[in-house]
Amino acid sequence: MKETDREAVATAVQRVAGMLQRPDQLDKVEQYRRREARKKASVEARLKAAIQSQLDGVRTGLSQLHNALNDVKDIQQSLADVSKDWRQSINTIESLKDVKDAVVQHSQLAAAVENLKNIFSVPEIVRETQDLIEQGALLQAHRKLMDLECSRDGLMYEQYRMDSGNTRDMTLIHGYFGSTQGLSDELAKQLWMVLQRSLVTVRRDPTLLVSVVRIIEREEKIDRRILDRKKQTGFVPPGRPKNWKEKMFTILERTVTTRIEGTQADTRESDKMWLVRHLEIIRKYVLDDLIVAKNLMVQCFPPHYEIFKNLLNMYHQALSTRMQDLASEDLEANEIVSLLTWVLNTYTSQTSSPGCGKRWRQTRKTGSKRQSQKPTRTGTTRPHSLPLSSRYKDEAQLYKEEHLRNRQHPHCYVQYMIAIINNCQTFKESIVSLKRKYLKNEVEEGVSPSQPSMDGILDAIAKEGCSGLLEEVFLDLEQHLNELMTKKWLLGSNAVDIICVTVEDYFNDFAKIKKPYKKRMTAEAHRRVVVEYLRAVMQKRISFRSPEERKEGAEKMVREAEQLRFLFRKLASGFGEDVDGYCDTIVAVAEVIKLTDPSLLYLEVSTLVSKYPDIRDDHIGALLAVRGDASRDMKQTIMETLEQGPAQASPSYVPLFKDIVVPSLNVAKLLK
């Protein structure tokens, strides 16, 4: 101990000597003494608080163990009572077995009597149904098919209830109604044939298409009813569920794909302009088909089918696949330019407009002379594509500005912005592939070094699209972010619940965005939500009046930080990145608010500043104002500590506080 005391005295002497190196510093001796005394008192108080916290934890743990023991005893007694009651009820259940058997037998006989007429007339109904299918009377044929299936399913259900293990009787019933499944398959073939010709049928005989849709709707209702009964009984009739609605969309998608793939009439050997003709035929076919779908087909389908939206997506997917197939072929340089021009100028500019799928303009007949001359391979892609990329960027910006003027228009804004982002990524990947194929040197011939790269332009377009989508999210969150750290929030606002649901809903739509940009958007959304939460703290919307209020508010902040942490962990799954750091900031701020001993504020704030070097003195002043209990001397001490210089930020630190502006009340006023 003597050695320790000597070392302490030597250290103190050295420190005092460092403070009093000049004569004018003698005037500050009293100030230094008070500051050191405050620091000593703070350290002692912190040690006492730590020990008391440990003792409280042990006491709480013992109390919880005692309560758990009592709960286990209560549960043990309850289980014994339940076991006793169960044994007493066995005899009662056994005595009702005869009644149960009688009820089952009566139900089976009633079903048999009810279906007796249909059972004897099955062969006749089968013949009539077959004739109606051959005559094209699909609705009447389906009505009779439903009667047959109803009789069969009713008998099989009663047999299942009586003896589910009796496969012999089940097989007998199924065999007697064996023609029913064949009729169902034959009717389905007729429906699919009509759907394959739906774009023609809707113009010549829309009633036939309506009949097909009505049959599919009937089958969907029967499927839902049977699946609901399966949850209760476990019985499912043979051939169910039919899922005809799902098959209908599969047929339509296959039809669209076949139509797009079948438009190539020429080859390079037969016509040098084969690709231009092929793309023009595609443009005309898709335009005509979407006009028919928009004006006629939507009248034949229920609104919840969203037939035009689904067809639009099918055509988009089919076109995307076809463009990728063409791009993967060994195209000549002028054909590459034609393909990029069509995608960027003819297709993308139209699908990005409010009149998507209705007003594809006739492409102007320019560039035919250039396309008839085979250019050199080196430096082909970039000179022709850069102006198109710049135009694409301008059109995307105009589209975004149009939406911000009226968020109700254009329709499907989010979906088209996602398409723009993905298009940019696809184009970037295609450019890399083309460069590897055609450019042997690192520097492209004939291109000025100061000229912007296509990669850079496309990346800028995609980033701007991501920014626009996030802006859309935060416009919807604005009202709920304004509720944070207010009296309403403290009394039980569910603002963070709504924020989490809204963000998750948007990011379900954003799931289609390609990974590099989706990853970037997720991280930026996480950062912005946390920054907005911190901004709500720094705007001093609330000032806590008691330790209880501070504790309640801080605990609510911690709970909400965990909600946000869980949400963004879920959204970032698969990216392999640590996403906890941002939400830890809210928890750190909450710890400063929750602190019960004001004398320890100095240490807590020092810890906060060391973790987040971009925090400023006005932020600390605002935080102390929210606490509402810091004395003027304590505020002065904390500010003096901050004046000693900010901590060095780690290279990986992402600033959160630098863009948060504290309202006009300055630090001097906050200290009063």
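Being a predicted model, the structure only gives us computed values, none of them experimental.

Peer 1: Looking at this structure, I do not really get the overall build of the chain. What am I missing?
Peer 2: Helix and strand counts for the chain stand at 26 helices and zero strands. For the chain, buried positions account for 41% of its 672 residues. Pairs at least 24 apart in sequence give 76% of the contacts found in the chain among residues at least 6 apart. Carbon together with sulfur atoms contributes 53% to the accessible area of the chain, which is approximately 38700 Å² in total.

Peer 1: What exactly am I supposed to notice about the pattern of salt bridges here?
Peer 2: Oppositely charged side chains can pair when the atoms bearing their charge come close. Taken as a whole, this structure holds 26 salt bridges when the rule is applied. Measuring nitrogen to oxygen at the nearest pair gives 2.4 Å for the salt bridge that ties Glu-30 to Arg-33. Of this pair, Glu-30 and Arg-33 both sit in helix α2 (residues 29–95), three residues apart, which is roughly one turn of the helix. Residue Glu-30 is classed as partly exposed on the basis of its relative accessible area of 37%. On the accessibility criterion, Arg-33 (48% relative accessible area) is partly exposed. For Asp-459, the salt bridge is made with Lys-428, and the minimal N-O distance between the two is 3.5 Å. One end of the pair, Asp-459, is in helix α17 (residues 454–481); the other, Lys-428, is in helix α16 (residues 413–438), with 31 residues separating them in the sequence. For Asp-459, a relative accessible area of 17% gives the class buried. One network of salt bridges, in which partners are shared, links Glu-149, Glu-219, Asp-223, Arg-240 and Lys-242.

Peer 1: Help me understand the packing of aromatic side chains in this model?
Peer 2: Given two aromatic rings, their pairing is described by the distance between the two centres and the angle made by the two planes. Evaluated as defined, the whole model comprises six aromatic pairs. Here the aromatic rings of Trp-192 and Trp-244 are separated by 6.0 Å at their centres, their planes lie at 75°, and the arrangement is edge-to-face. With Trp-192 in helix α7 (residues 179–196) and Trp-244 in helix α10 (residues 244–261), this residue pair connects regions lying 52 residues apart in the sequence. The exposure classification of Trp-192 matches that of Trp-244, with both residues buried. Here the aromatic rings of Phe-249 and Tyr-305 are separated by 6.2 Å at their centres, their planes lie at 40°, and the arrangement is tilted.

Peer 1: Hey, could you run me through unusual backbone geometry in this one?
Peer 2: What is expected of a backbone is that most residues other than glycine have negative phi and most peptide bonds are trans. In the segment running from Arg-240 into Pro-241, the intervening peptide bond is cis, with an omega of -5°. For Asn-243, which is not glycine, the phi torsion reads 55° and is therefore positive.

Peer 1: Looking at this model, I keep getting lost on helix α9 (residues 206–233). Mind explaining?
Peer 2: Helical geometry note: an α-helix holds 3.6 residues per turn, so side chains three or four residues apart project in the same direction. Relative to the 40 Å expected for 28 residues at 1.5 Å per residue, α9 spans 41 Å between its end C-alpha atoms, a close match to the ideal helical length. Directly after α9, the chain includes Gly-234, whose backbone phi takes a positive value near 85°.

Peer 1: Before we go on, may I ask you to explain the packing of α7 against α9 in this structure?
Peer 2: Think of two packed helices as two axes; the pair is described by the angle between the axes and how far apart they sit. At a minimum axis separation of 10 Å, α7 and α9 run at an interaxial angle of 130°. Comparing the axis directions of α7 and α9 gives the class oblique. Crossing handedness for the pair α7 and α9: left-handed. Two secondary-structure elements touch here, α7 through Leu-191, Trp-192, Val-194 and Leu-195 and α9 through Leu-208, Leu-209, Val-212, Ile-215 and Ile-216. When its residues are assigned to classes, the contact of α7 with α9 shows nine nonpolar, no polar and no charged.

About the cut-offs
- Residues numbered from 1 in each chain as written.
- Predicted model: local features only at pLDDT ≥ 70, side-chain atom pairs only at ≥ 80, totals over all residues.
- Heavy atoms only, no water.
- Helix = DSSP H or I, 4+ residues; strand = E, 2+ residues; numbered from the N terminus.
- Buried < 20%, exposed > 50% of the residue type's maximum accessible area, 1.4 Å probe, protein only.
- Contact = heavy atoms within 4.5 Å.
- Areas by Shrake-Rupley, 256 points an atom, 1.4 Å probe, with all protein chains shown as cover.
- Salt bridge = Lys/Arg side-chain N within 4 Å of Asp/Glu carboxyl O.
- Phe/Tyr/Trp six-rings, centres within 6.5 Å; stacked < 30°, edge-to-face > 60°.
- Expected span 1.5 Å × (residues − 1).
- Axes fitted to C-alpha atoms, helices over the stretch in contact; angles between N-to-C directions.
- Parallel < 35°, antiparallel > 145°, perpendicular 65-115°, else oblique.
- Left-handed = near helix turned anticlockwise from the far one by under 90°.
- Nonpolar A, V, L, I, M, F, W, Y, C, P; charged D, E, K, R; others polar.

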